[in-house]
Amino acid sequence: MFKYILKRFVSMIITMFVIITITFLLMHSVPGGPFAAEKALPPEVEQALLEKYHLDDPLWKQYVDYVGGILRFDLGPSFKYRGLTVNELIVSGFPVSGRVGGLSILVILLIGIPLGIIAALKQNRWEDAVVRFLATLGITIPSFVLATLLLYVFSLKLDLLPSFGIESWKGYILPVVALSGYSISFVARLTRSSLLEVFRQDYMIMARAKGLSEFKILFKHGLKNALIPIVTVMGPLIAGLLTGSFVIEKIFALPGMGGHFVNGISNRDYTVIMGITVFYAGFLLIMVFIVDLIYGFLDPRIKLDNRS
Amino acid sequence: MDNTLLSIRNLHTSFFTHVGEVKAVQNVSYDVRRGEILGVVGESGSGKSVSYMSCMRLLQEPGRIMGGDVQFKGESLLSKTNRQMRNIRGNRMSMIFQNPMTSLNAVLKIGDQITEPLREHKNMSRAEAKREAISLLERVQIPDAEKRLSAYPHEFSGGMRQRVLIAMAIACRPDLIIADEPTTALDVTIQSQILELMKDLQQDLGTSIVFITHDLGVIAETCSRVVVMYGSMVMEEAPVDDIFHRPAHPYTEGLLRSIPKPGMEDKRLSPIPGSPPVQLSPPPGCPFAPRCNYAMNICRRRLPEFTKIGENHRSACWLLSGHAPSNNFRRENI
Ligand SMILES: Nc1ncnc2c1ncn2[C@@H]1O[C@H](COP(=O)(O)OP(=O)(O)OP(=O)(O)O)[C@@H](O)[C@H]1O
Ligand code: SF4
Ligand SMILES: [Mg+2]
């Protein structure tokens, strides 16, 4: 177990390093510097700015400095928000994004899985039909369309929930619903099909032949098996939530990371773009790692020790 | 005292598939006696498994019991509530399935799975159940029993898993164990070990065992009586000696011919020509008629009734019935 964790950790570091390098090279190969838009800038001022941010250093030196900064958890200054560092932007934005994302994951699991269970237990009855209809709907509607729809109905027409900001808890409802709609449907469908598959297995018939209660058959013998495929999609699902949240944060004007990232792109604020990319990459790698650990815990056939 | 343990009477079971009603079990009647090993033999699809899934009330959609009755220790199983049925399953009547690789739950520890019936039916505490599980594993000759309790199924070989399943089946000292092809998925050497083990256990515990198989070799080694099934019906029922030395039904005879002879290089069976019937729209008459060398006109028109041949021997074939026009040929054989 320990060996496995160590191995995974090393491979995580290598992956991070590759991501950092690629992001850095990409950012520096895009034509036009961060100050290119401000045409009126006199040459000597621009030179001073370049010097201040060490942009006139040779590329390899900038790279070494940047990697060195990351090792000290310092993602550098923002070029556009003068006086603000990328770290400060993340510290201000991540809690908002994290709350919306975390709540979404909770909602996805707490609603998606039970819906899937109900549908599987009531296969081909009306409960199943309702779940399947909703899930199909949820999967076909993109999150930004759902967000706009929700805004129109609940903010504009019914005036029940705020259309932007998170001054009160109510502000979280629409973003979380918009963000999790797709994944709830996805998880519900997956839970249903996975359970139905499990129900057909010999060990389930065996459990029944042992005279166990329906409750034990479902939750002890069935669900643990049925959850395995769901856990495997959780990694990509979390990634989807993160990128999806960029759009949702923009629509609901939430002061999260997504907003900073999008602004960073339109401002050519390279350090912000790089910093957030690196931060998200690291976050995602850790999430996938955790998901893998849960996977190994659920399925004893996966030997954590000798998996390459 | 009545020595009938399980009595199946006119059992009919069908599957309602999208192409129509598949009659998987038709008019099946026979008894399982206390303390005996009964073999149920027949080709694939003859309804062996479905009849016992019906008895245990474990049929899955779209299967349905259409008629008849199953009495267990004098009580009808078909009129019991689900809760009563649960108290019988795994407790008074247990099952061992064909595939030990898939019958154990891969994500639960062996110990957990063996103690389940004990905790469910015998109200044992965790510690008591664990102690009992160890002695059960020792009983089925699994070495290092205590340590093995915390292992997962994938850490066991096929033969070991089948031993675990046997341990599970005998856990509550049931009156009846239904072993549905318990050795088919195993290597030949392991097969005979498992059969020996089951015979020993049967001797020790006095349990009745039903051996479902298409292997007459298994029957010869283990059973005292045999029921031969074909096309979802019973063809012949007899003591094991009669089946091997005085078969009364052409299908039984065909089965015997298909046993590989000792010393034969090619161990494959020389099967009866033709293929088993489809129970979707069975023609009237004897189900074996299309493949039977002795088939007569009446065979294709009317279902043969059982003829009693000996004390415990009966067979459903027109050749044996006084109504059949000419049956001298067969009479000599009996
Ligand atoms: N779920 C099902 N749906 C439809 N038909 C079924 C189903 N299960 C079984 N049957 C039908 O019931 C018939 C009897 O099947 P059964 O499993 O009892 O055969 P068997 O004698 O046990 O054969 P085998 O030796 O292959 O196990 C078969 O013809 C099969 O097609
Ligand atoms: S009843 Fe007729 S067809 Fe059927 S087994 Fe006997 S002889 Fe053959
Ligand atoms: Mg079978």
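What you are looking at is a predicted structure, and each value in this text was computed from that prediction instead of being measured. (Residues numbered from 1 in each chain as written. Chains lettered and ligands numbered in written order. Predicted model: local features only at pLDDT ≥ 70, side-chain atom pairs only at ≥ 80, totals over all residues. Heavy atoms only, no water.)

1. Concerning the overall build of chain B
For chain B, the count of helices and strands is 13 helices and 12 strands. A globule of 334 residues ought to have a C-alpha radius of gyration of about 20 Å, and chain B, at 21 Å, matches this closely. Across the 334 residues of chain B, 54% fall into the buried class. Contacts in chain B between residues at least 24 apart in sequence constitute 64% of all its contacts with a sequence separation of at least 6. Accessible surface for chain B amounts to roughly 15,000 Å². Of this, 49% is attributable to carbon and sulfur atoms. Taken together, the 40 basic and 36 acidic charged side chains of chain B have centroids lying 4 Å from each other. (Helix = DSSP H or I, 4+ residues; strand = E, 2+ residues; numbered from the N terminus. Rg over C-alpha atoms; globule rule 2.2 N^0.38 Å. Buried < 20%, exposed > 50% of the residue type's maximum accessible area, 1.4 Å probe, protein only. Contact = heavy atoms within 4.5 Å. Areas by Shrake-Rupley, 256 points an atom, 1.4 Å probe, with all protein chains shown as cover. Lys, Arg positive; Asp, Glu negative; His and termini not counted. Charge placed at Lys NZ, Arg CZ, Asp CG, Glu CD.)

2. A few points about the sheet that holds strand 1 (residues 4-17) of chain B
All names here are of chain B. Taken in spatial order, the 4 strands line up as 2-1-4-5 in an open sheet, and their pairing is antiparallel. Two strands in the sheet have a free side with no partner beyond their single neighbour: strand 2 (20-33) and strand 5 (75-76). In the sheet, strand 1 pairs with strand 4 (residues 63-72) via 8 bridges, with the strands oriented antiparallel. Bridging across to strand 4, T13 finds its partner in I65. (Pairing = 2+ DSSP bridges.)

3. Concerning the site of ligand 1
All names here are of chain B. Taken together, 14 residues lie around ligand 1, and S44, G45, K48, S49 and V50 are the ones closest in. In the model, an oxygen atom of ligand 1 is placed 2.8 Å from a nitrogen or oxygen of the G45 main chain. The contact in question runs from an oxygen atom of ligand 1 to an N or O atom on the backbone of S46, over 3.2 Å. Compared with its free state, where it exposes 630 Å², ligand 1 has 69% of that area covered by protein. (Near = heavy atom within 4 Å. Polar contact = N/O pair within 3.5 Å; in protein donor to acceptor, adjacent residues only side chain to side chain.)

4. Focus on the confidence of the model for chain A
Model confidence for chain A is summarised by a mean pLDDT of 85, while 94% of its residues fall at 70 or above. Of all the helices and strands in chain A, helix 2 (residues 43-52) of chain A carries the lowest mean pLDDT, 76, while helix 8 (residues 202-209) of chain A carries the highest, 94. (pLDDT = per-residue confidence, 0-100.)

5. Quick look at the pattern of salt bridges
This structure, assessed with the given rule, holds 26 salt bridges over all chains. Between B:R9 and B:D31 there is a salt bridge; the shortest N-O distance is 2.8 Å. With a gap of 22 residues between them, B:R9 in strand 1 and B:D31 in strand 2 connect regions that are remote in the sequence. Several salt bridges share partner residues, and in doing so they unite A:K210, A:K220, B:D112 and B:E116 into one network. (Salt bridge = Lys/Arg side-chain N within 4 Å of Asp/Glu carboxyl O.)

6. As for the side chain of B:S103
Among the secondary structure elements, B:S103 is positioned in helix 3 (residues 100-103). At 2.8 Å, the side chain of B:S103 forms a polar contact with the backbone oxygen of B:N99. Sequence-distant contacts of B:S103, defined by excluding residues within four places in its chain, comprise A:D202, A:Y203, A:M206, B:F97 and B:L165.

7. What about helix 5 (residues 126-139) of chain B?
Residue and element names in this part refer to chain B. In a regular helix each residue adds 1.5 Å, so 14 residues correspond to 20 Å; helix 5 covers 20 Å between its end C-alpha atoms and thus fits that length. When we look at burial in helix 5, the residues that qualify are A129, A133, I134, L136 and L137. Projected down its long axis, helix 5 shows its buried positions confined to an angular sector of 165 degrees, all on one face. For helix 5, the secondary structure elements touched by its buried residues are helix 4 (110-121), helix 6 (145-148) and helix 7 (158-170). (Expected span 1.5 Å × (residues − 1). Arc of directions from axis to C-beta.)

8. Some words on the side chain of A:S104
Positionally, A:S104 belongs in helix 4 (residues 86-121). In contact with A:S104, not counting residues within four places along its chain, are A:V176, A:L179, A:S180 and A:L241.

9. Details of empty space enclosed by the protein
Residue and element names in this part refer to chain B. Within this structure, the stated rule accounts for 4 cavities of 30 Å³ or more. When its volume is computed, the largest cavity comes out at roughly 80 Å³. Estimated volume of the second largest cavity: approximately 50 Å³. Around the second largest cavity, the lining residues are I96, I166, I170, I177, M198, L201, Q202, L205, T207 and I209. Breaking the lining of the second largest cavity down by element, the ones donating at least two residues are helix 7 and helix 8 (188-205). Among the elements that make up the lining of the second largest cavity, the one with the highest residue count is helix 8 (4 residues). Of the residues assigned to the lining of the second largest cavity, the class counts are 8 nonpolar, 2 polar and no charged. (1 Å grid on protein atoms, 1.4 Å probe; cavity = no way out; pocket = protein on both sides within 12 Å on 5 of 7 lines; lining within 4 Å. Points joined across faces, edges and corners; volume = space filled by probe spheres on them. Nonpolar A, V, L, I, M, F, W, Y, C, P; charged D, E, K, R; others polar.)

10. A look at the site of ligand 2
Residues and elements named next belong to chain B. Around ligand 2 sit 13 residues, and of these C286, C292, C299, C317 and W318 come closest. Here ligand 2 is seated within the largest cavity. Its residues assigned to classes, the shell around ligand 2 comprises 12 nonpolar, 1 polar and no charged. (Sits in = over half its atoms within 2 Å of the grid points.)

11. Focus on the pairing of strand 11 (residues 306-310) of chain B
The pairing of strand 11 of chain B with strand 12 (residues 313-316) of chain B spans 4 bridges and is classified as antiparallel. Bridging across to strand 12 of chain B, B:G310 finds its partner in B:H313.

12. Things to note about the packing of helix 6 (residues 143-157) of chain A against helix 9 (residues 214-251) of chain A
Any two packed helices are characterised by the angle at which their axes cross and by the distance between the axes. All names here are of chain A. Where helix 6 meets helix 9, the axes come as close as 10 Å, and the angle between the chain directions of the two elements is 25 degrees. By the angle class used here, helix 6 and helix 9 are roughly parallel. Between helix 6 and helix 9 lies a crossing whose hand is right-handed. Facing S143, F144, A147 and L151 of helix 6, the residues of helix 9 in contact are V247, I248 and I251. (Axes fitted to C-alpha atoms, helices over the stretch in contact; angles between N-to-C directions. Parallel < 35°, antiparallel > 145°, perpendicular 65-115°, else oblique. Left-handed = near helix turned anticlockwise from the far one by under 90°.)

13. As for the layout of surface pockets
Estimates place the volume of the largest pocket at around 1,200 Å³. Surrounding the largest pocket, 25 residues form its lining, A:R208, A:E214, B:L59, B:Q60 and B:E61 being those nearest its centre. Mapped onto the lining of the largest pocket, the elements with two or more residues apiece are helix 4, helix 7 (170-199), helix 8 and helix 9 of chain A together with strand 4 and helix 2 (82-88) of chain B.

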